[in-house]
Amino acid sequence: MSTVAHTAPSPSQVKGQPAGPCAMIIFGASGDLTKRKLIPALYNLLQSHYLPSDFAVIGFAFDQMTTEQYRLKLAEDIHEFSEIQVTPDLWGWLEDRIYYLHGDFQDPADYQRLSQQLTEIDRKHNTGGNHLFYLATSPTFFAKITDQLGQAGLIAENDGQWRRVVIEKPFGHDYESSVALNRQISKVLKEKQIYRIDHYLGKETVQNLMIFRFSNGIFEPIWNRRYIDHVQITVAETVGVEQRGGYYETAGALRDMVPNHILQLVALTAMEPPISFGADAVRDEKAKVLHAIQPLDPDECKTCVVRGQYGPGVIDNKQVLGYRSEASVKPDSNTPTFAAMKMCIDSWRWAGVPFYLRTGKRMATRVTEVTIQFKEAPLMLFRDTPVDQLKPNLLVIQIQPEEGISLRFGAKVPGPNVNIGAVKMNFKYVDYFGSSPSTGYETLLYDCMTGDSTLFQRADMVEAGWSIVDPILKSWDEHAARDFPNYAAGTWGPKEADDLLERDGRHWRSTMI
């Protein structure tokens, strides 16, 4: 334990409204998520004065450790994984409020020990009996932990106290399992107590999609089928499966990214204006989008969806292995590391506007972006000029690695002739607002503490997402890919992904504008 005297941040220093008193219990507290994301996020919240002054953390995991050993471990981890300098006084304040409980996720006796420790912590740190349970575990434990919490009486909300449970993805591995998991946890928890987390929604640019659309009068009037030709959403990674080959073999690109991350981006891009920014109002409109996506029949699963698997290639001038040569991957694996698809939203706003989605590992560039391509202006005005083609206007919302928004439009090239050049306006978050430390979890953890579920998925949204990809998963299970690996690491995926758009007279936006 640190020997430095520590106090909570002074109220006069508060930049925003801190969350109310609470204790956070992290199941799986010895894992990567905790040390890489959760603890650094809590530190960032403390530094920015959003963490409550009456606060404590209990780490719950299988590993044999004492509280002192756990604190020493986290003290090393925070210096390795924090993106900002960790100051002794702030870290010491947080460290003194961190505890560890060795236990079995399925042993009722350990939950009674947890209950006793929470009673002591509520008294010692004035956390008010408000408890945030974070399930940073394997999905196999989600229902089991929830059930044990219920049996131990740790979920009941009495005398104004709140109890909330944060559940990491993946929430199920197909439609049936997601329905079953929702049914299991709903026996113990009310929907308002469940926070199904997707860390993509913690990114500023993702949250800004709604603000950008609904606070700017110049964009919302043209955000429809009359002016928009199509929408592209790309989530590309240059890394391979790294040390997660065992998990990835059971998931693949489609399961891993589309039902959660990518469909959340679709929903934010396509949703109707909510009646307010209240959690249910926003989630109602997002759910409507997911329910309006036309399901693919077996034939469309073959023509509107592409799968791929990377082979050996070159990234950053380094030779890298193909997927089948990665650790814990079968040498004849049929798992896709790339998925692309064309989908349509059956609504008045989006009728006839295709949404093209793609995601993959070992791609040419690491980038996550939403591209809105507008319809071309009529060329007839330029029939007596050298202009023989007009480039469409593009609006690109860049989510990572750089957060920003770009707009491409046409302008006259200086000179006596009428020639048009494509120019762009770029907005980058860091240029206007500066950089701020973020793991992507700060906003989400703060929202959990304050009871704002806007950025979290409801049961119906999770099930709707799985219902969209389920026909594709079944089609792929029935028909094994015969051409894997079908793209080289360091490229933009298989040729069939390009063909998917070229059949419609379109092409992927492969480079930053």
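Rules of the game
- Residues numbered from 1 in each chain as written.
- Predicted model: local features only at pLDDT ≥ 70, side-chain atom pairs only at ≥ 80, totals over all residues.
- Heavy atoms only, no water.
- Helix = DSSP H or I, 4+ residues; strand = E, 2+ residues; numbered from the N terminus.
- Buried < 20%, exposed > 50% of the residue type's maximum accessible area, 1.4 Å probe, protein only.
- Contact = heavy atoms within 4.5 Å.
- Lys, Arg positive; Asp, Glu negative; His and termini not counted.
- Charge placed at Lys NZ, Arg CZ, Asp CG, Glu CD.
- Salt bridge = Lys/Arg side-chain N within 4 Å of Asp/Glu carboxyl O.
- Polar contact = N/O pair within 3.5 Å; in protein donor to acceptor, adjacent residues only side chain to side chain.
- Pairing = 2+ DSSP bridges.
- Expected span 1.5 Å × (residues − 1).
- Arc of directions from axis to C-beta.
- Bend = angle between axes of the 7 residues up to and from the residue.
- Phe/Tyr/Trp six-rings, centres within 6.5 Å; stacked < 30°, edge-to-face > 60°.
- Lys NZ or Arg CZ within 6 Å of the ring centre and 35° of its normal.
- pLDDT = per-residue confidence, 0-100.
- Axes fitted to C-alpha atoms, helices over the stretch in contact; angles between N-to-C directions.

Draft legend 1. Quick look at the overall build of the chain. In terms of regular secondary structure, the chain is built from 14 helices and 18 strands. Here the chain, with 513 residues, has 55% of them falling under the buried criterion. For the chain, the share of sequence-separated contacts (at least 6 apart) that also reach a separation of at least 24 residues comes to 78%. Computing the positive centroid from 53 side-chain charges and the negative centroid from 63, the chain places the two 3 Å apart.

Draft legend 2. Spotlight on the pattern of salt bridges. Using the criterion set out here, one finds 23 salt bridges in the structure. Glu157 is the partner of Lys192 in a salt bridge, and the nearest nitrogen-oxygen pair spans 3.0 Å. In this pair, Lys192 is assigned in the loop between helix H6 (175–186) and strand S6 (194–196) and Glu157 in the loop between helix H5 (142–151) and strand S5 (163–167), connecting sequence segments 35 residues apart. In this structure Lys192 comes out as exposed when scored by relative accessible area, which is 54%. On the basis of relative accessibility, which here comes to 26%, the residue Glu157 falls in the partly exposed class. Between Arg283 and Asp280 there is a salt bridge, with its nearest N and O atoms 3.4 Å apart. With Arg283 and Asp280 both in helix H9 (residues 279–292) and three residues apart, this pair spans about one turn of that helix. Accessibility expressed as a relative area gives 5% for Arg283, which makes it buried.

Draft legend 3. Region of interest: the side chain of Thr67. Among the structural elements, Thr67 can be located in helix H2 (residues 67–81). Reaching out from Thr67, the side chain makes a polar contact with the backbone nitrogen of Tyr100 at a distance of 3.1 Å. In contact with Thr67, not counting residues within four places along its chain, are Ile98, Tyr99 and Tyr100.

Draft legend 4. A look at the pairing of strand S12 (residues 338–344). Among the seven residues that make up S12, five are buried, leaving the element largely enclosed by the rest of the structure. The pairing of strand S8 (residues 305–308) with S12 spans four bridges and is antiparallel. Bridge pairing links Arg307 to Ala339 in S12.

Draft legend 5. A look at helix H4 (residues 108–125). With 18 residues, H4 should reach 26 Å at 1.5 Å per residue; the first-to-last C-alpha distance of 25 Å fits that figure. When H4 is considered as a whole, its buried residues turn out to be Asp110, Tyr111, Leu114, Gln117, Leu118, Ile121, Asp122 and His125. Here the buried residues of H4 occupy an arc of 145° about the axis, which is enough to place them on one side. What points out from H4, more than 90 degrees from its buried face, is the exposed set Gln116, Thr119 and Arg123. Capping of H4 at its N-terminal end is provided by Asp107; its side-chain oxygen lies 3.0 Å from the backbone amide nitrogen of Ala109. Phi turns positive, to about 55°, at Asn126, one or two residues after H4.

Draft legend 6. Seen up close, helix H1 (residues 32–47). Helix length check: H1 (16 residues) gives 22 Å between terminal C-alpha atoms against 22 Å at 1.5 Å per residue, within 8%. Of all the bends in H1, the greatest reaches close to 30° and is centred on Leu38; the proline Pro40 follows between one and four positions later. Buried residues belonging to H1 abut strand S1 (22–27), strand S2 (55–61), H2, helix H3 (88–95), strand S4 (131–135) and helix H12 (442–450). Where H1 ends, the next residue or the one after it, His49, has phi of about 70°, a positive value.

Draft legend 7. Local environment of the packing of aromatic side chains. Per the counting criterion, the structure on display carries 20 aromatic pairs. With centroids separated by 6.0 Å and ring planes inclined at 25°, the aromatic side chains of Phe27 and Tyr111 adopt a geometry described as stacked. With Phe27 in strand S1 and Tyr111 in helix H4, this residue pair connects regions lying 84 residues apart in the sequence. Owing to a relative accessible area of 0%, Phe27 belongs among the buried residues under this scheme. Here Tyr356 and Trp508 contribute two aromatic rings whose centre-to-centre distance is 6.3 Å and whose plane-to-plane angle is 75°, an arrangement assigned as edge-to-face. Remark: Trp508 occurs in the segment after helix H14 (495–502) and Tyr356 occurs in strand S13 (residues 354–360); sequence separation between them is 152 residues. The same class applies to Tyr356 as to Trp508, namely buried. What links up through ring pairs into an aromatic cluster is the set Phe27, Phe60, Phe62, Phe105, Tyr111, Phe133 and Phe141. Positioned above the aromatic ring of Tyr99 is the side chain of Arg71, whose terminal nitrogen or guanidinium carbon lies 5.1 Å from the ring centre. Against the face of Trp162 rests Arg164, its NZ or CZ located 3.9 Å from the ring centre.

Draft legend 8. Up close: the confidence of the model for the chain. Per-residue pLDDT for the chain has a mean of 90; in total, 91% of the residues score no lower than 70. Confidence drops under a pLDDT of 50 for residues 1–15, and excluding neighbours within four residues, the segment shows 21 contacts in the predicted structure.

Draft legend 9. Molecular detail of the sheet that holds S1. Taken together, the six strands give an open sheet; going across it, the order is S3-S2-S1-S4-S5-S6, and neighbouring strands pair in parallel fashion. At either end of the open sheet lies a strand with only one pairing partner, and these are strand S3 (98–102) and S6. Strand after strand, the sheet turns through a mean of 20° between neighbouring axes, direction not considered. As paired strands, S5 and S6 are joined by three bridges and run parallel to one another. Counted as the bridge partner of Val165 is Ile194 from S6. Those strands touched by H4 are S1, S2, S3 and S4, and its axis lies near 165° from that of S3. In the packing of H12 onto the sheet, contacts are made with S1, S2, S4, S5 and S6, and the angle to S5 comes to roughly 155°.

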